[in-house]
Amino acid sequence: MSSDLAEGLLAEPKRPSGMVPTDISNPNYFHKVVDCQWACPAHTPVPEYIRLIAEGRYDDAYMINWKSNVFPGVLGRTCDRPCEPACRRGRVEEEPVAICRLKRVTADNKSDIRARLPKPAAQKNGKRIALIGAGPASLTVARDLLPLGYHVTIYDSDPFAGGMMRTQIPKFRLPERVLDEECNYILDLKPETRFGEKIDSLKKLLAENYDAIFVGCGAPRGRDLQIPGRDEAKANIHIGIDWLSSVSFGHIEKIGKRVIVLGGGNTAMDCCRTSRRLGGEDVKVVVRSGFEEMKASPWEKEDAMHEGIPIHNFLVPKEFTHKNGKLTGVTFEKVKAEYDAKSRRNLVPSGEPEVHYECDDVLVAVGQENAFPWIERDIGIEFDKWDMPKVDPLTMQSSNPKIFFGGDAAFGPKNIIWAVAHGHEAAVSIELFCNGKDTKTNRPDPLVNLMSQKMGIHEWSYDNDVSQDLRYKVPHAPTEVTLRNVKVEVELGFDKELGFKEAQRCLNCDIQTVFERNLCIECDACVDICPMDCITFTQNDPEPVLRTHLTAPAPDVTQDLYVSDILKTKRVMVKDEDVCLHCGLCAERCPTGAWDMKKFYLETAQASSCAKR
């Protein structure tokens, strides 16, 4: 027998061309299916804490949040909610689960959880870390490193911790008591605080021989608008974020009756709503883009309009008008949107007459930018063409290996939850770096569990009776009360009853349908009972073809297909993860137990995980 023939007889039979079986041991597979957790930058286990809310276990739900996102009470009021557009509930009806507001439920209804928090390290490890800025990114780094024995020094020019959470978010959205409580959980770990001390030279700080430095100073400079009349009327033209900071610290207590806010982001919404509380009677928001293209969150725009603040779109400011050195108004050019062959939008003059709005004050909220004049260019940090430091998005490490960045200081303005995620990753990197390990190749894996929920032959430990309720509205305090005082919180949050009802809308996307092909007899009972037609037994094919052959074609390539190995009939089982509701009917109906419902739990690695590798 020839060697070629022998090799051919001994070789594995060739698999028919088509998709390979899904590797559900890969932590990212089911993580991606839990869309809300996957979309959250800090990867908070959302369905787990929502179930705990439904059980009335608020302390446990809060602690799951606190370990992951650090500021549940703050984020339950202010988060930009990247999880909610990803929510699977939004695929079967218009509104997703109110994930953000449920986070607040855990904070509002918990008991005293301080006994469950980490304690200051009994012994220091000899490593000294400097944190520049006391905002969410730096506080996250401090929280992760202090229990490990690091000596952490936090520098901030403001007298209190919180950063932009304190200076740029109005108290009617985020009460001071909530911020103080969650900042103090971290300060109770005993960092050295150098508040009221501004860093004006990174080279000088490097000379103090810290083992690592984290830059989490935010994007502290608001963009100005240099158009005719800016200098002449400067006394009544204010940069939005600076003005909000002055209001926060009590330096500004009033504004003119007629106010124009320029800009379409969340800062603009905070400026206009704050103006209404400080004496503004005629407050307008003017935006160069269309209403749908505004960067402000939809709920921020709704809240502003609910308070009687109109939003005027497609108007570009051309001139600040003034008389005898006093601002009199703003002249705008009307524009319209045109799109080129690549669907890129351009704003061009509409040809309509200019518009002039009279006003007493203008708040400029047209964006924020980083300012690093205090970082010398000869200390080994490379900067890009936008004068931003080059930062590794995985390790948060700059080209100077001792210096790390996070939050807005790393990649420009984003939001609190991104800053928290950066802080966790930077803390991991600092722990590795200070122990002489490579910050990329030694990163710890997440904690992952996949556990069957089966309690009997056809009984499971979770409730899969999906609520048919639509999303519940968050109660608001009456405007006749809230518009009188800048410190009165507008949103009242869900009480326990509403929190329970909203929690019932969660589809338990972390309870995964797991298929065991060796138990399958291909009776198609699961196909018959599936309410979403997401299960198909078919001939295997390459993915683009296979997606068209399913009972319900699966065009959304951003979500995976769950494909089994070859069955006895040479077919494969294919489940479309995009439309599966995780209802468990397939597992209840299956006569052989080939389908099981398993709870997937993923907890991202933090600095404390490094020692466990």
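Here the structure is a predicted model, which is why all the values come from computation and not from measurement. (Residues numbered from 1 in each chain as written. Predicted model: local features only at pLDDT ≥ 70, side-chain atom pairs only at ≥ 80, totals over all residues. Heavy atoms only, no water.)

## As for the overall build of the protein chain
What counts here: Helix and strand definitions follow DSSP, with helices as H or I runs of at least four residues and strands as E runs of at least two, each counted in order from the N terminus. Our radius of gyration is a C-alpha quantity, and the globule rule it is checked against amounts to 2.2 Å times the number of residues to the power 0.38. Burial classes follow relative accessibility: with a 1.4 Å probe on protein chains only, a residue under 20% of its type's maximum area counts as buried, one over 50% as exposed, and anything between as partly exposed. Whether two residues are in contact is decided by their heavy atoms, any of which lying within 4.5 Å being enough. Accessibility throughout is a Shrake-Rupley quantity obtained with a 1.4 Å probe, and a residue counts as covered only by protein chains that appear here. For the purpose of counting charges, residues Lys and Arg are taken to be positive, whereas Asp and Glu are taken to be negative. His and the chain ends are not included. The atoms used to mark charge sites are NZ of Lys, CZ of Arg, CG of Asp and CD of Glu.
If you tally the helices and strands in the protein chain, you get 22 helices and 22 strands. What you see for the protein chain is a C-alpha radius of gyration of 28 Å, in line with the 25 Å of a compact globule of 613 residues. Dimensions of the protein chain, computed from C-alpha atoms along their principal axes, come out at roughly 100 × 60 × 55 Å. Counting over 613 residues, the protein chain shows a buried share of 54%. In the protein chain, the proportion of contacts linking residues at least 24 apart, taken out of those at least 6 apart, comes to 71%. Element-wise, carbon and sulfur atoms account for 50% of the exposed surface of the protein chain, whose accessible area totals about 27,900 Å². Computed over 80 positive and 91 negative side-chain charges, the inter-centroid distance for the protein chain is 3 Å.

## Some details on the nonpolar core
This is how it is decided: Definition used in this section: a nonpolar core is a set of buried Ala, Val, Leu, Ile, Met, Phe, Trp, Tyr and Cys residues joined via side-chain atoms within 4.5 Å.
Within the largest apolar cluster, 64 residues are counted, with the highest numbers of intra-cluster contacts made by Leu202 and Phe405. Leave out the neighbours within four places in its chain, and leucine 202 touches Ile132, Ile213, Trp374, Ile375, Glu376, Ile379, Ile381 and Ile403. Membership of the second largest hydrophobic core comes to 50 residues, among which are Cys36, Val46, Trp460 and Val527.

## Notes on the sheet that holds strand 2 (residues 151-156)
Rules: The criterion for strand pairing is that DSSP finds at least two bridges linking the strands in question. Lines fitted to C-alpha atoms define the axes here, with helix axes fitted over just the stretch in contact, and angles between the N-to-C directions of these axes take values from 0 to 180 degrees.
Spatially, the 5 strands line up as an open sheet ordered 3-2-1-4-16, and their pairing is parallel. Looking at strand neighbours, the two that pair on one side only are strand 3 (192-195) and strand 16 (403-405), the edges of this open sheet. When the angles between neighbouring strand axes are averaged without regard to direction, this sheet yields 20°. As paired elements, strand 1 (residues 128-132) and strand 2 share 5 bridges and run parallel to each other. Note that in strand 2 the partner of isoleucine 132 across the bridge is tyrosine 155. Contacts from helix 17 (residues 416-434) reach strand 1, strand 4 (212-215) and strand 16 within the one sheet, and its direction differs from that of strand 4 by about 165°.

## Quick look at the environment of alanine 477
Assignment of secondary structure puts alanine 477 in the loop between strand 17 (447-452) and helix 18 (479-482). When its relative accessible area of 13% is taken as the criterion, alanine 477 is described as buried. Along the primary structure alanine 477 and glutamate 489 are separated by 12 residues, whereas in three dimensions their C-alpha atoms are 7.5 Å apart. Among all residues touching alanine 477, those that are not within four sequence positions of it are Thr482, Glu489, Val490 and Leu492.

## Here's the deal with the pattern of salt bridges
Note the cut-off: In what follows, salt bridge is the name for a side-chain nitrogen of Lys or Arg lying within 4 Å of a carboxyl oxygen of Asp or Glu.
Going through the model one piece at a time under the given rule, you end up with 52 salt bridges. The closest approach of N and O atoms between aspartate 35 and arginine 91, which form a salt bridge, is 2.6 Å. Of this pair, aspartate 35 sits in helix 3 (residues 35-39) while arginine 91 sits in the loop between helix 7 (83-86) and helix 8 (99-109), and the two are 56 residues apart along the sequence. According to the relative accessible area criterion, aspartate 35 is buried, its value standing at 8%. By relative accessible area, arginine 91 is classed as partly exposed at 36%. Across the salt bridge formed by lysine 599 and glutamate 48, the nearest N and O atoms sit 3.3 Å from each other. Residue lysine 599 is found in strand 22 (residues 595-603), and its partner glutamate 48 is found in helix 4 (residues 46-54); the two are separated by 551 residues along the sequence. Given the relative accessible area of 14%, glutamate 48 is considered buried. A network of salt bridges, in which partner residues are shared, links Arg77, Arg104, Asp108, Arg177 and Glu489.

## Considering the side chain of glutamate 93
Rules: Polar contact is the term for a pair of N or O atoms within 3.5 Å; when the atoms are in protein, one must be able to donate a hydrogen and the other to accept it, and sequence-neighboring residues count only if both atoms are side-chain atoms.
Within the secondary structure, glutamate 93 is located in the loop between helix 7 and helix 8. Since its relative accessible area comes to 18%, glutamate 93 is described here as buried. One polar contact links glutamate 93 to arginine 505, side chain to side chain, over a distance of 2.4 Å. Contact partners of glutamate 93, with chain neighbours within four places excluded, come to Asp469, Leu470, Arg471 and Arg505.

## What about the environment of arginine 128?
On the secondary structure map, arginine 128 appears in strand 1. In this structure arginine 128 comes out as partly exposed when scored by relative accessible area, which is 29%. A sequence separation of 306 residues divides arginine 128 from cysteine 434, and the C-alpha atoms of the two residues are 9.5 Å apart. Not counting the four nearest positions on each side in its chain, arginine 128 is found in contact with His151, Glu208, Asn209, Tyr210, Asp211 and Ala212. Here glutamate 208 takes part through its backbone oxygen, which lies 3.1 Å from a polar atom of the side chain of arginine 128.

## A look at unusual backbone geometry
Residues apart from glycine generally show negative phi values, whereas peptide bonds are mostly found in trans. At valine 70, a position not held by glycine, the phi torsion is positive, near 70°. Look at aspartate 387: it is not a glycine, yet its phi comes out positive at around 65°. Relative to the assigned elements, aspartate 387 resides in the loop between strand 15 (368-369) and strand 16. Looking at aspartate 387, the relative accessible area reads 40%, which means it is partly exposed.

## Overview of the side chain of serine 275
Structurally, serine 275 can be placed in helix 14 (residues 266-277). A polar contact of 2.8 Å, which involves the side chain of serine 275, links it to the backbone oxygen of cysteine 271. What serine 275 contacts, discounting residues up to four positions off in sequence, is Trp243, Ile255, Val259, Gly280, Val283 and Leu363.

## As for empty space enclosed by the protein
Put simply, the rule reads: Here a cavity means grid points, on a 1 Å grid over the protein atoms only, where a 1.4 Å probe fits yet cannot get out; a pocket means an open set of points with protein on both sides within 12 Å along at least five of seven lines; lining residues are those with an atom within 4 Å of a point. Grid points are joined across faces, edges and corners, and a volume is the space filled by probe spheres set on the points. Amino acids outside the nonpolar list (Ala, Val, Leu, Ile, Met, Phe, Trp, Tyr, Cys, Pro) and the charged list (Asp, Glu, Lys, Arg) are all regarded as polar, and Gly is one of them.
Tallied over the entire structure, the rule returns 5 cavities of 30 Å³ or more. If you list the elements that add at least two residues to the lining of the largest cavity, you get helix 8 and helix 15 (298-306). Take the lining of the largest cavity: its biggest share by element is 3 residues, from helix 15. Tallied by class, the residues present in the lining of the largest cavity amount to 3 nonpolar, 1 polar and 9 charged.

## Concerning the environment of glycine 493
Of note, glycine 493 is situated in the loop between helix 18 and helix 19 (496-503). With 222 residues separating them along the chain, glycine 493 and cysteine 271 place their C-alpha atoms 22 Å apart. Beyond its immediate sequence surroundings of up to four residues, glycine 493 is in contact with Arg104, Val474 and Pro475.

## Considering the sheet that holds strand 14 (residues 361-364)
The pairing of strands in a sheet comes from backbone hydrogen bonds and takes either a parallel or an antiparallel form. Spatial ordering of the open sheet is given by 6-14-7-8-9, a layout of 5 strands whose pairing is parallel. Unpaired on one side and paired on the other, strand 6 (237-239) and strand 9 (311-312) mark the two borders of the sheet. Strand direction decides the pairing type here: strand 8 (residues 282-286) and strand 9, joined by 2 bridges, are parallel. If you follow valine 285 over to strand 9, its bridge partner there is isoleucine 311.

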